[in-house]
Amino acid sequence: MKSQLLLPYRYKKIGWLILIPCLVLGLLKWYLINDHETLTYVVNIYYKNVFFDIVTTVLIAGILAGALLVVFSKEKQEDEFIQKLRLSSFGWAILINYLILFFCNLLFYGWSFLNIIAVNMFTTLLFYIIRFNYLLIRSKRL
Amino acid sequence: MTNTLKVERAIKNITQEELAQCIGVSRQTINAIEKKKYVPSTLLALKIARYFDKPVEAIFKLEPED
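Described in the following lines is the structure provided in the data block. (Residues numbered from 1 in each chain as written. Chains lettered and ligands numbered in written order. Predicted model: local features only at pLDDT ≥ 70, side-chain atom pairs only at ≥ 80, totals over all residues. Heavy atoms only, no water.)

## A word on the pattern of salt bridges
Residues and elements named next belong to chain B.
Turning to step 1, where the next piece is worked out: This model, assessed by the stated rule, comprises six salt bridges over all chains.
Turning to step 2, where the next piece is worked out: One salt bridge in this structure joins Glu17 and Arg27, with 4.0 Å as the shortest N-O distance. Here Glu17, found in helix 2 (residues 16-23), pairs with Arg27, found in helix 3 (residues 27-34); they are ten residues apart in sequence, far enough to count as distant.
Turning to step 3, where the next piece is worked out: Residue classification places Glu17 among the partly exposed residues on the basis of a relative accessible area of 39%. (Salt bridge = Lys/Arg side-chain N within 4 Å of Asp/Glu carboxyl O. Helix = DSSP H or I, 4+ residues; strand = E, 2+ residues; numbered from the N terminus. Buried < 20%, exposed > 50% of the residue type's maximum accessible area, 1.4 Å probe, protein only.)

## Things to note about helix 4 (residues 110-140) of chain A
Turning to step 1, where the next piece is worked out: Between its first and last C-alpha atoms helix 4 of chain A spans 45 Å; for 31 residues at 1.5 Å apiece the expected length is 45 Å, and the two agree.
Turning to step 2, where the next piece is worked out: Residues Phe113(A), Ile116(A), Asn120(A), Phe122(A), Thr123(A), Leu125(A), Tyr128(A), Ile129(A), Phe132(A), Leu135(A), Leu136(A) and Ser139(A) constitute the buried set of helix 4 of chain A. (Expected span 1.5 Å × (residues − 1).)

## Quick look at unusual backbone geometry
The bulk of non-glycine residues show a negative phi, and the bulk of peptide bonds are trans.
Residue and element names in this part refer to chain B.
Turning to step 1, where the next piece is worked out: Positive phi outside glycine occurs at Asn13, with the angle close to 55°.
Turning to step 2, where the next piece is worked out: Checked against the element boundaries, Asn13 lands in the loop between helix 1 (5-12) and helix 2.
Turning to step 3, where the next piece is worked out: Judged by relative accessible area, Asn13 falls into the exposed class, the value being 67%.
Turning to step 4, where the next piece is worked out: Within the chain, Asp53 stands out as a residue other than glycine whose phi angle is a positive 60°.
Turning to step 5, where the next piece is worked out: Position of Asp53 among the secondary structure elements: in the loop between helix 4 (42-52) and helix 5 (56-59).
Turning to step 6, where the next piece is worked out: The class for Asp53 is exposed, based on a relative accessible area of 70%.

## Some thoughts on the packing of aromatic side chains
All names here are of chain A.
Turning to step 1, where the next piece is worked out: Here the structure, examined in full by the defined rule, presents six aromatic pairs over all chains.
Turning to step 2, where the next piece is worked out: Pairing Tyr128 with Phe132 gives two aromatic rings, centres 5.6 Å apart and planes at 10°, and the pair type is stacked. With Tyr128 and Phe132 both in helix 4 and four residues apart, the pair spans about one turn of that helix. Each of the two residues, Tyr128 as well as Phe132, counts as buried. (Phe/Tyr/Trp six-rings, centres within 6.5 Å; stacked < 30°, edge-to-face > 60°.)

Pasting the structure below:
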C-alpha cells in the first residue's frame, strides 16, 4: 500500500523530540510565567513599534511542527490496517475537537473563550496523536 | 467474515510476528484479522492465501450475516 502524504518513520522520532519539550515548556510558560511579564523576553526584529513575545512564537511553532511530524510520519510498518486506524483517528479527533469547541462556545465568553481558541490550535492534532497511539497499543495486545 | 488464520498459523507453527514479516504487514494487522476486528483487503487476503498455499476461501469465509 502506497500513500503519498506520509514522511518516513525517522521523522516521527524527530517530531517527538521537538513536540515533548515544546509542549512541556509551553504549558509551564502558560501556567507559571504568563502573569510575570518581566520573565518573558520581548524583542522586535521585523516590525518597528510592534513588540511580540519570541518565546511564545517559538514554542507554538515547535508544538505545531513537532505534532505535524508525529502525525504525518509513517509507522515502522505502515500497512492497510494502520491506515484504517489513522483514518478513524482523524475522524474521531475532529469530531471530539469540534464537539468540545461547540460546548465551549456556549459556556465561555470573552477572554476565557479566547484562551480556549488558543488551546484549540493544538487540540485536533493532540487528540489525533492520543487516539491513534491508544488504538495502536490496544491492537498490539494478544 | 470469519477466518481460520490462527489454525493455519498453528499448523505451520509460526508466530504472528513471523507471519507479518513474511507478508510485509505489521503484527497488529495479523492480530486484528485473527480477532475478527479487521477485514483484510483483497490484496492482503490473496497474499495470506498464497503464503499458506491455499485458496482464499479455505482461510476466509463469509458468515450468514455478511
